[in-house]
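Below are the chains, spelled out letter by letter.
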Amino acid sequence: QVQLVESGGGLVQAGGSLRLSCATSLRPFSVNGMGWFRQAPGKEREFVAAITWSGGLYYAESVKGRFTISRDNAKNTVYLQMNSLKPEDTAVYYCAGRPKSLIDYAGAYDYWGQGTQVTVSS
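Let me sum up the structure you'll find in this document. Fair warning: this is a prediction, and the values are worked out from it, not measured in the lab.

Cut-offs and rules
- Residues numbered from 1 in each chain as written.
- Predicted model: local features only at pLDDT ≥ 70, side-chain atom pairs only at ≥ 80, totals over all residues.
- Heavy atoms only, no water.
- Disulfide = S-S within 2.5 Å.
- Helix = DSSP H or I, 4+ residues; strand = E, 2+ residues; numbered from the N terminus.
- Buried < 20%, exposed > 50% of the residue type's maximum accessible area, 1.4 Å probe, protein only.
- Core = buried A, V, L, I, M, F, W, Y, C linked by side-chain atoms within 4.5 Å.
- Pairing = 2+ DSSP bridges.
- Axes fitted to C-alpha atoms, helices over the stretch in contact; angles between N-to-C directions.
- Salt bridge = Lys/Arg side-chain N within 4 Å of Asp/Glu carboxyl O.
- Lys, Arg positive; Asp, Glu negative; His and termini not counted.
- Polar contact = N/O pair within 3.5 Å; in protein donor to acceptor, adjacent residues only side chain to side chain.
- Contact = heavy atoms within 4.5 Å.

Concerning the state of the cysteines
Step number 1: A complete count under the given rule lists 1 disulfide for this structure.
Step number 2: Between the sulfur of Cys 22 and that of Cys 95 lies a disulfide, 2.1 Å long from S to S. As the torsion about the S-S bond is roughly -80°, the Cys 22-Cys 95 disulfide counts as left-handed. Of this pair, Cys 22 sits in strand S3 (residues 18-24) while Cys 95 sits in strand S9 (residues 91-99), and the two are 73 residues apart along the sequence.
Step number 3: Classification of Cys 22 as buried rests on a relative accessible area of 0%.
Step number 4: Classification of Cys 95 by relative accessible area gives buried; the value is 0%.

This is the structure:
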C-alpha cells in the first residue's frame, strides 16, 4: 500500500517560514509527478504547487514568488518551502502523488497523505 506522510506543519507568525516534507513509499518515485494542495475550513481543496518527474514546476498564483516545491529522488521525498507566510495561507496541507492528467487538478491524483496543519497568525 502506497503511503505519503507529511510533516513540518505548525504555527508561525505572518511573514515567517515553514518547510513541509512528504515522504512516500510510491515507487519508482523519480518517474511520478507530485503535488501539494491545501484546504482551509469551509473551503474546497485547492492546488498549491506541483513538480513533474522531469522537474517542471507549477504554482498557484497566490503562492508564486513565496513558495518553492522541490524533490529529492534519493530520499523519495518532496518538499514545500513556504516563505512570507500570510494568515490566508492557514490550511491543512496535503501531499499528493501520481497525477493521471492535469497536474493542478486534485481529482487527477492517485495517492494522498493525511495532511499537516499550517496556521499563520497575524
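Next comes the rest of the account.
What to know about the nonpolar core
In summary, soluble globular proteins display a tendency toward joint burial of nonpolar side chains.
Step number 1: Of all hydrophobic cores here, the largest spans 33 residues; its most connected members are Met 34, Trp 36, Leu 80, Met 82 and Tyr 93.
Step number 2: Considering each element in turn, this core owes the most residues, 5 residues, to strand S5 (residues 46-51).

Some thoughts on the sheet that holds strand S1 (residues 4-7)
Step number 1: Here we have 4 strands laid out as an open sheet, ordered S1-S3-S8-S7, and antiparallel in their pairing. Two strands in the sheet have a free side with no partner beyond their single neighbour: S1 and strand S7 (67-72). Averaged over all pairs of adjacent strands, the angle between strand axes in this sheet comes to 15°, irrespective of strand direction.
Step number 2: The pairing of S7 with strand S8 (residues 77-82) spans 6 bridges and is antiparallel. Considered in S8, the bridge of Ile 69 is made with Leu 80.

A few points about the pattern of salt bridges
Step number 1: Applying the stated rule across the entire model yields 5 salt bridges.
Step number 2: Because the salt bridges share partners, they merge into one network encompassing Arg 38, Glu 46, Arg 66 and Asp 89.

Regarding the side chain of Arg 71
Step number 1: Residue position: Arg 71 is located in strand S7.
Step number 2: Notably, Arg 71 is buried but unbridged: the nearest opposite-charge side chain belongs to Asp 72, and the N-O separation is 8.4 Å.
Step number 3: Here Phe 29 takes part through its backbone oxygen, which lies 2.7 Å from a polar atom of the side chain of Arg 71.
Step number 4: Among the polar contacts listed, one links the side chain of Arg 71 to the backbone oxygen of Thr 52, at a separation of 3.1 Å.
Step number 5: Contact partners of Arg 71, with chain neighbours within four places excluded, come to Phe 29, Ser 30, Asn 32, Gly 33, Met 34, Ile 51, Thr 52, Trp 53, Thr 77 and Val 78.

A word on the pairing of S3
Step number 1: Counted residue by residue, S3 has 5 buried out of 7 residues, so it is predominantly covered.
Step number 2: Sheet topology note: the S1/S3 ladder contains 4 bridges and is antiparallel. The partner of Val 5 across the bridge, within S3, is Ala 23.
Step number 3: As defined by bridge partners, S3 adjoins S8 across 6 bridges and the pair is classed as antiparallel.

Observations concerning the side chain of Thr 116
Step number 1: Relative to the assigned elements, Thr 116 resides in strand S11 (residues 116-121).
Step number 2: On the accessibility criterion, Thr 116 (11% relative accessible area) is buried.
Step number 3: A distance of 3.3 Å separates a polar side-chain atom of Thr 116 from the backbone nitrogen of Gly 9.
Step number 4: When residues no more than four places from it in sequence are discounted, the contact partners of Thr 116 are Glu 6, Ser 7, Gly 8, Gly 9, Leu 20, Ala 91, Val 92 and Tyr 93.

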